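Breakdown of the fold
Chain residues, written in single-letter form:
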Amino acid sequence: MEQTNMTEQKIPWVLVSSFKDTTNMHDLEKITPLIGELIDDWHANGKIMWSGAFSDNKTSMAVFEGTAQEAKIFYEKYSKICSGILDYHMLQWDAMPLLSILSH
């Protein structure tokens, strides 16, 4: 039986972001296109990501599936864009592999 390396296994991740108290419209205008490009690149590589804002219009969440390495790279790029402007954290989502089911 072939064993899958855990670092190569696709797993769900969740990235939650919220405005800092000091975030202003200029900050948002600066990062919005860069975040859009990051998500577009993710999709262009055939990967799925769902994202959206909560009703408070200050918090958003993105759910995606990827290997630990892919998630780390995505988070590092996101951090370079949003550091100092947003508060954010990423966690492995231990829910059912919903994205895998929906992508087929």
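Attention in this report is confined to the structure presented alongside it. Note on numbering: residues in each chain are counted from 1, in written sequence order. Local features in this predicted model are restricted to residues whose pLDDT is 70 or higher, and side-chain atom pairs enter the listing and the counts only when it is 80 or higher, whereas totals over whole chains, interfaces and linings include all residues. Hydrogen atoms and water are omitted, and side-chain values are computed over all heavy atoms in the structure.

Moving on, we get to the overall build of the protein. Counting from the N terminus, the helices are the DSSP runs of H or I reaching at least four residues and the strands are the DSSP runs of E reaching at least two. If you tally the helices and strands in the protein, you get three helices and four strands. Of the regular secondary structure in the protein, the N- to C-terminal order runs β-α-β-β-α-β-α. In the structure as shown, the protein presents an accessible area of about 7100 Å², 55% of it carried by carbon and sulfur atoms. For every accessible area listed, the method is Shrake-Rupley and the probe measures 1.4 Å; residues are considered covered only by the protein chains on display.

Attention now moves to the layout of surface pockets. Cavity means a closed set of points on a 1 Å grid over the protein atoms alone, one where a 1.4 Å probe fits but cannot get out, pocket means an open set with protein on both sides within 12 Å along at least 5 of 7 lines, and lining means a residue has an atom within 4 Å of a point. Grid points are joined across faces, edges and corners, and a volume is the space filled by probe spheres set on the points. Space inside the largest pocket adds up to approximately 400 Å³. Contributing to the lining of the largest pocket are 21 residues, with Ser17, Ile35, Ser60, Tyr78 and Leu86 lying nearest its centre. Mapped by element, the contributors of at least two residues to the lining of the largest pocket are strand S1 (11-19), helix H1 (25-44), strand S2 (49-53), strand S3 (59-66) and helix H2 (68-82). Considering every element that reaches the lining of the largest pocket, the biggest residue donor is H1, with five residues. For the lining of the largest pocket, a count of residues per class yields twelve nonpolar, eight polar and one charged. Around the second largest pocket sit Leu38, Asp41, Trp42, Asn45, Lys47, Glu70, Ile73, Phe74 and Lys77, which together line it. For the lining of the second largest pocket, the element with the highest residue contribution is H2, accounting for four residues. For this classification, the nonpolar set comprises Ala, Val, Leu, Ile, Met, Phe, Trp, Tyr, Cys and Pro, the charged set comprises Asp, Glu, Lys and Arg, and every other residue, Gly included, is treated as polar.

Side chains of a nonpolar character, in soluble globular proteins, are inclined to be buried together. Here, the term nonpolar core denotes a set of buried Ala, Val, Leu, Ile, Met, Phe, Trp, Tyr and Cys residues that are joined through side-chain atoms within 4.5 Å. Burial classes: relative accessible area under 20% of the type maximum marks a residue as buried, over 50% as exposed, and values in between as partly exposed (1.4 Å probe, protein chains only). The biggest cluster of nonpolar side chains holds 21 residues, and the ones touching the most others in it are Leu15, Ile31, Phe64, Phe74, Tyr78 and Cys82. Taken together, the elements giving at least two residues each to this core come down to S1, H1, S3, H2 and strand S4 (86-92). A total of six residues in this core trace back to one element, the largest contributor, which is H1.

Keep in mind these values describe shape, not function.
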